[in-house]
Every structure is written in structure tokens, then in C-alpha cells.
Amino acid sequence: MKSILATLALTTALTIPGLAMARPVTLTTTLNNYGGDGAYLALYVTDASGAYVGSLWMAGGKSKYYEHLSDWYRATGGDTAQVNGITGASVDAGRTLEITLDLADALFDAGYTLHIDAAVEDMRDSPNEVAVPLTTDGAGTPVTGRRYVASFAYDM
Amino acid sequence: MKKTLTLLVASTALTAAIGVPAWSAMQAPADGVLRPIAALFDDASQAMPLVLASDDDDDDRWRDGSRRGHDDDDDDDDCDDDDDDDDCRGGARNPAPAGTTAPPQNGLFGNGAPPQVQVN
């Protein structure tokens, strides 16, 4: 009996920190009515030195267009493995893309920046459309993009 | 008449005999190696790169060369569809859509719920 209790206590102690290391975060991106086709969007993270860390989402499933997401493409070499399992459809003008991801706590208040590159057929590419530091204080605060993104916010 | 013709032929031959070697010498490479005259023409064609004129004034625009259709709701993500000839760049495959495989192990994701997405 005593050994079972000890085992339970140990597994609980090991499990709880694991659960606390990540949290659901909702990324909400609203596009303005730019009058073009659906936009390809790459959401990715860089560290405090500006180095690429990883991708969070890719809106747009055809890799042949990824070169237009030029900052993301330069950082990854267009490696589609970076966005396996986190890729969805491109987003039409005026629509809102809402993604909920289970993100590591270590991403926040540690100097990381979330970037969005955007591209639309027959329109200008927009690398670094959005760049927003990931902080707990910044959650829920909308920011405006340079060309296609009317607003972006992350909520925890 | 015959004399004039002879003079013309002689002057042409003389010009060719003197002019061609002189021209060859002018075109000779710095290393001094003599080459057949025909090689000069080859060299000239190699030395002058083919320049393609383009009317594109900016280079960061999504152009016809990589056009896509209205494929927002198109979920075919393979490289072997038969719609056109530019399905995959350099043999790179399209990424796996969300929900078909786990997110990449890039340290950004926890092990909890899979990504949820909706477009409003």
C-alpha cells in the first residue's frame, strides 16, 4: 500500500510539471480586403538574436509558392518538413484565421518574436508582415500588419 | 578587263593574307597560345552571355511563372496531380496538412492537444 502511494506521488510529481510546460494559445489573424486571391501566410518564431527557431503555422498547402514567403523561405530553405502537421489552406481577403496551438511556456517572456510572412498571387510579397514579441503582457493586444494583415493577436 | 579582274583578285587575296592573321593576333589571348581562327568565333559566343530582356520592374511579386489557381479549398497536396507541369519545386513535396501528422519537434509545441484551426 505504501509503495503504491509512493508511486502515485512520484508519477503525479512528474506529470504536473509536464502539463504546466505548455499551454493552449490562440493566434488570430484577420486579413484586410486587399482585393486579391487567398493569401499564403507563414507564422514562425525567431529568438532574441533573430535566428529562426521554428514554424507555428503555414496557411497554403503548395510548396511551390513558398519562395514568396521570402524571409521564412530564406530561414528554412523551403524545407517543408518545418511545416508538416501545421499546414492549412490559404486565407481569403477579409477572412479571419484562428489557430489554437499547444505552445511551450518557454516561448513567452524569453526574447522570442513571432513573425508572419504573407504573399498573394499577382500582388507584392510581404515578408515580415507582422513581427510581435511573445510576452505574457502582450497577449490579447492586436497589432497591425504592413500590407495584408488588418490585425493579429495571440491569446492565452 | 582581264587586267582589272586580276588586280581585284590579287588585292582581295592580299587583304585576306595580311588582314586575317593581323586580326587573329589582335584577338590572341594573353597567354600567347595561338589557336585556330574559328576558335575566336567560339570564344566570342562564350564571352558574351545571353541576356534575357524582361519587362518586370520589381522582383518580389507573385508572377505568372508560379501561378496558382483559386485553390483555397483545394486539399490535394500531392505532387502528382495532372493539372499542370509545375506541381513541385525541385522535387520538394507539399507538407502534410494539419491533423494528418504530429507538429514538428521544434521545441515550440507541447505534447497536448493537436492544432485547431478555423477560418471565419
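Residues numbered from 1 in each chain as written. Chains lettered and ligands numbered in written order. Predicted model: local features only at pLDDT ≥ 70, side-chain atom pairs only at ≥ 80, totals over all residues. Heavy atoms only, no water.

**Quick word on the overall build of chain A**
- Within chain A, the secondary structure is distributed over two helices and eight strands.
- Listed by position from the N terminus, the elements making up chain A come as α-β-β-β-α-β-β-β-β-β.
- For chain A, the residues scored as buried account for 47% of the 156 residues in total.
- Within chain A, contacts between residues at least 6 apart in sequence are counted, and of these 63% link residues at least 24 apart.
- If you sum the accessible surface of chain A, you get close to 6400 Å²; carbon and sulfur atoms cover 56% of it. (Helix = DSSP H or I, 4+ residues; strand = E, 2+ residues; numbered from the N terminus. Buried < 20%, exposed > 50% of the residue type's maximum accessible area, 1.4 Å probe, protein only. Contact = heavy atoms within 4.5 Å. Areas by Shrake-Rupley, 256 points an atom, 1.4 Å probe, with all protein chains shown as cover.)

**Some words on the overall build of chain B**
- A count of helical and extended segments in chain B gives two helices and one strand.
- For chain B, the sequential pattern of α-helices and β-strands runs α-α-β.
- Per-residue burial for chain B yields a buried fraction of 18% across its 120 residues.
- A total of about 9300 Å² of accessible surface is found on chain B, and carbon and sulfur atoms cover 58% of it.

**A short note on the nonpolar core**
- Judged by nonpolar contacts, the single largest core of 42 residues is most densely connected at Leu27, Leu41, Leu43, Leu56 and Phe152 of chain A.
- Where this core is concerned, the elements lending two or more residues are strand E1 (22-31), strand E2 (39-46), strand E3 (52-59), strand E5 (96-104), strand E6 (113-120), strand E7 (126-133) and strand E8 (149-155) of chain A.
- Among the elements that take part in this core, E2 of chain A stands out by supplying seven residues, more than any other.
- Excluding its chain neighbours within four sequence positions, the residues that come into contact with Leu56 of chain A are Leu27, Leu43, Tyr44, Val45, Ile86, Leu101, Leu103 and Leu114 of chain A together with Leu108 and Phe109 of chain B. (Core = buried A, V, L, I, M, F, W, Y, C linked by side-chain atoms within 4.5 Å.)

**With respect to the environment of Pro115 of chain B**
- When you line up the elements, Pro115 of chain B lands in the loop between helix H2 (37-47) and strand E1 (116-119).
- The residues contacting Pro115 of chain B, other than those within four sequence positions of it, are Trp57, Gly85, Ile86, Thr100 and Leu101 of chain A together with Pro103 of chain B.

**Some thoughts on the confidence of the model for chain B**
All names here are of chain B.
- Across chain B, pLDDT averages 60, with 32% of residues at or above 70.
- Within chain B, the element-level pLDDT minimum falls on H2, averaging 44, and the maximum on E1, averaging 94.
- Under a pLDDT of 50 for its full length, residues 22-58 has, in the predicted model, 13 contacts with residues more than four places off or in other chains.
- This stretch, residues 67-90, has a pLDDT under 50; its non-local contacts, to residues over four places away or in other chains, come to 46 contacts. (pLDDT = per-residue confidence, 0-100.)

**Description of the layout of surface pockets**
All names here are of chain B.
- Quantified by volume, the second largest pocket comes out at close to 190 Å³.
- In terms of lining residues, the second largest pocket is bounded by 14 residues, among which Pro103, Gln105, Phe109, Gly110 and Asn111 are the most central.
- Looking at side-chain class alone, the lining of the second largest pocket contains seven nonpolar, six polar and one charged residues. (1 Å grid on protein atoms, 1.4 Å probe; cavity = no way out; pocket = protein on both sides within 12 Å on 5 of 7 lines; lining within 4 Å. Points joined across faces, edges and corners; volume = space filled by probe spheres on them. Nonpolar A, V, L, I, M, F, W, Y, C, P; charged D, E, K, R; others polar.)

**Thoughts on the side chain of Glu129 of chain A**
Residue and element names in this part refer to chain A.
- Examined against the element boundaries, Glu129 turns out to sit in strand E7.
- For the buried Glu129, no salt bridge exists, and the shortest N-O distance to an oppositely charged side chain is 5.2 Å, to Arg146.
- A polar contact is formed between the side chain of Glu129 and the backbone nitrogen of Arg147, at a distance of 2.7 Å.
- The residues touching Glu129, leaving out its near neighbours within four places in the chain, are Ile116, Asp117, Ala118, Gly145, Arg146, Arg147, Tyr148 and Val149. (Lys, Arg positive; Asp, Glu negative; His and termini not counted. Salt bridge = Lys/Arg side-chain N within 4 Å of Asp/Glu carboxyl O. Polar contact = N/O pair within 3.5 Å; in protein donor to acceptor, adjacent residues only side chain to side chain.)

**Brief notes about the sheet that holds E2 of chain A**
All names here are of chain A.
- Spatial ordering of the open sheet is given by E4-E3-E2-E6-E7, a layout of five strands whose pairing is mixed. Each end of this open sheet is capped by a strand with a single partner; those strands are strand E4 (87-88) and E7.
- Here E3 runs beside E4; their pairing, made up of two bridges, is parallel. Bridging across to E4, Ala59 finds its partner in Gly88. (Pairing = 2+ DSSP bridges.)

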